[in-house]
Amino acid sequence: MTITRIPVRGESPYEVVVGADVLTEVAAAVGCPARALVVCADRVSAAATGLLRHLLAAGIATEQYILPGTEADKAVETLARLWDVLASFEVSRTDCVVAVGGGSTTDLVGFAAATWLRGVRVVHVPTTLLGMVDAAVGGKTGINTAAGKNLVGAFHPPVGVVCDLTFLASLPDPDYTAGLAEVAKAGFIADPEILDLLEADPRAHVRELIERAVRVKAEVVGADLREGGRREILNYGHTLGHAIERLQHYRWRHGDAVAVGMVFAAALGRLGGHLDRPTADRHRTLLRRLGLPTSYDARAWPALHAAMRLDKKSRGGRLRFIVLDGLGTPGVLDDPPTELLESAYAEVSAG
Ligand SMILES: NC(=O)c1ccc[n+]([C@@H]2O[C@H](COP(=O)([O-])OP(=O)(O)OC[C@H]3O[C@@H](n4cnc5c(N)ncnc54)[C@H](O)[C@@H]3O)[C@@H](O)[C@H]2O)c1
């Protein structure tokens, strides 16, 4: 069994462990003496029973709480229930919460851990591809409210992340494909070798792809936890992507929306004179080949434009986009003219 350990630097450094059958690693991340509350998404609770055994064998008193583990859980009502569970288990500052599930679960449980006693330790055990390469790494936690998605949250880095690849065997294809969008993003913004592996055969290279994408995220969030600077590059494809998610009332998977957003960002980069045509075209060709959407309704532009201006990442209504100056070389396009945005969107809708 080979284990890869990827360090995430910063104020509270931690490791992301990647490998098959690596749940024994969770005990080391929890540490002793401690008690652990394992909060687990229903779909993976059977696969996670080994985790409870490992924790108990390591002398860690462990309790389990099972959630549905879907986006609907990222709500204040579920958060309140979780606080009650933390209270009934008398979770103290020396104890640890372990989140087992996709990004919905790690976001919610991470936020519960951030707020309980003003912050208790959390270990993330992501079980989706998106969770492994994105949601569980970097310390962003949060829930959705009536006003929108992820508007309430906290930066609360985990003390460890354990990516056990065996979970991916049960992941439905559409979730796997959506996760590949964030892997491709890491390739475009920082590690072009990822793109070659995706073009060759994503399933055959899944472990290397996860490790490479985690390294990209780890390097970026290690340098900038709170989105003051370099972390912004992780938003590649996300400005339009978030607007699409909003228009679709969050029925589209995040990765699907980001895929369309990356095609848009590539067109913006090319039409704005930053990016060459072959690299821009490579976006559409690769993402389509992975089974991701690369186009969206032409008539949706006014609504998408309005939604982008409302996004929490726009600055006083001024739009900012991450564009590429070349593969692995991201830059910022601040407040581009409306005609440029329209021309780029025309390419997306024509695709
Ligand atoms: N914090 C961050 O930095 C960050 C980054 C990206 C996304 N996110 C958040 O992540 C969430 C999306 O995460 P997701 O795509 O993992 O979705 P998800 O957590 O909603 O999981 C999708 C579905 O798959 C199930 N599932 C999980 N693991 C499984 C497995 N191994 N086998 C079978 N089914 C499994 C889940 O229970 C759920 O029904 C969104 O809420 C998004 O906002 C957060």
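Residues numbered from 1 in each chain as written. Predicted model: local features only at pLDDT ≥ 70, side-chain atom pairs only at ≥ 80, totals over all residues.

1. Some thoughts on the overall build of the protein chain
A count of helical and extended segments in the protein chain gives 13 helices and 11 strands. In terms of overall dimensions, the protein chain has a C-alpha envelope of 60 × 40 × 35 Å along the principal axes. In the protein chain, which comprises 351 residues, the proportion classed as buried is 50%. Contacts spanning at least 24 positions in sequence make up 74% of the contacts within the protein chain whose residues lie at least 6 apart. (Helix = DSSP H or I, 4+ residues; strand = E, 2+ residues; numbered from the N terminus. Buried ≥ 20, exposed ≤ 12 C-beta atoms within 10 Å, placed from the backbone. Contact = placed C-beta atoms within 7 Å.)

2. Digging into the nonpolar core
Judged by nonpolar contacts, the single largest core of 110 residues is most densely connected at V26, V97 and V98. Sort the elements by how many residues they give to this core and helix α10 (residues 254-271) lands first, with 11 residues. The contact partners of V26, leaving out residues within four places of it in the chain, are L51, H54, L55, V98, V123, V125 and V162. (Core = buried A, V, L, I, M, F, W, Y, C linked by C-beta atoms within 7 Å.)

3. Some thoughts on the site of the ligand
The ligand sits among 27 residues. The nearest are G69, G102, G103, S104 and T128. For the shell around the ligand, the secondary structure elements donating two or more residues are α4 (103-115) and α5 (129-135). Across the shell around the ligand, the residue classes tally to six nonpolar, 14 polar and seven charged. (Near = placed C-beta within 6 Å. Nonpolar A, V, L, I, M, F, W, Y, C, P; charged D, E, K, R; others polar.)

4. Considering the domain arrangement of the protein chain
Its domain assignment divides the protein chain into domain 1 (4-170) and domain 2 (173-350). Computed from C-alpha coordinates alone, the two centres of domain 1 and domain 2 are separated by 27 Å. Listed by partner, the interface residues are 25 residues for domain 1 and 24 residues for domain 2. If one sorts the elements of the side of domain 1 that touches domain 2 by residue count, α5 sits on top with five residues. Split into classes, the residues belonging to the side of domain 1 that touches domain 2 amount to 15 nonpolar, five polar and five charged. (Domains from an automatic or database assignment.)

5. Section: the sheet that holds strand β4 (residues 61-67)
The sheet built from seven strands is open, its strands ordered β1-β2-β9-β6-β5-β3-β4 with mixed pairing. Strands with a single pairing partner mark the edges of an open sheet, and in this sheet they are β1 (4-8) and β4. Shown here is a sheet whose adjacent strand axes are inclined to one another by a mean of 20 degrees, direction ignored. In this sheet, β4 lies alongside strand β3 (residues 35-41) in parallel orientation, the contact comprising seven bridges. Bridge pairing in β4 links A41 to L67. (Pairing = 2+ DSSP bridges. Axes fitted to C-alpha atoms, helices over the stretch in contact; angles between N-to-C directions.)

6. Section: the packing of helix α6 (residues 173-189) against α10
It is the contact of α6 with α10, at a shortest axis distance of 7 Å, that shows an interaxial angle of 40 degrees. By the angle between their axes, α6 is oblique relative to α10. The element α6 and its partner α10 pack so that their crossing is left-handed. Along its contact with α6, which presents A178, G179, L180, A181, E182, K185 and F188, the element α10 presents H254, G255, D256, V258, A259 and M262. (Parallel < 35°, antiparallel > 145°, perpendicular 65-115°, else oblique. Left-handed = near helix turned anticlockwise from the far one by under 90°.)

7. Some points on the packing of α6 against helix α8 (residues 206-223)
The interhelical angle for the contact between α6 and α8, taken along N-to-C directions, is 60 degrees, at an axis separation of 9 Å. Considering the angle they form, α6 stands oblique to α8. At the point where α6 passes α8, the crossing takes the left-handed sense. In this structure, α6 uses E182, V183 and A186 to contact α8, whose residues at the interface are L209, R212, A213, V216 and K217. Here the residues of the contact of α6 with α8 are counted per class, giving five nonpolar, no polar and three charged.

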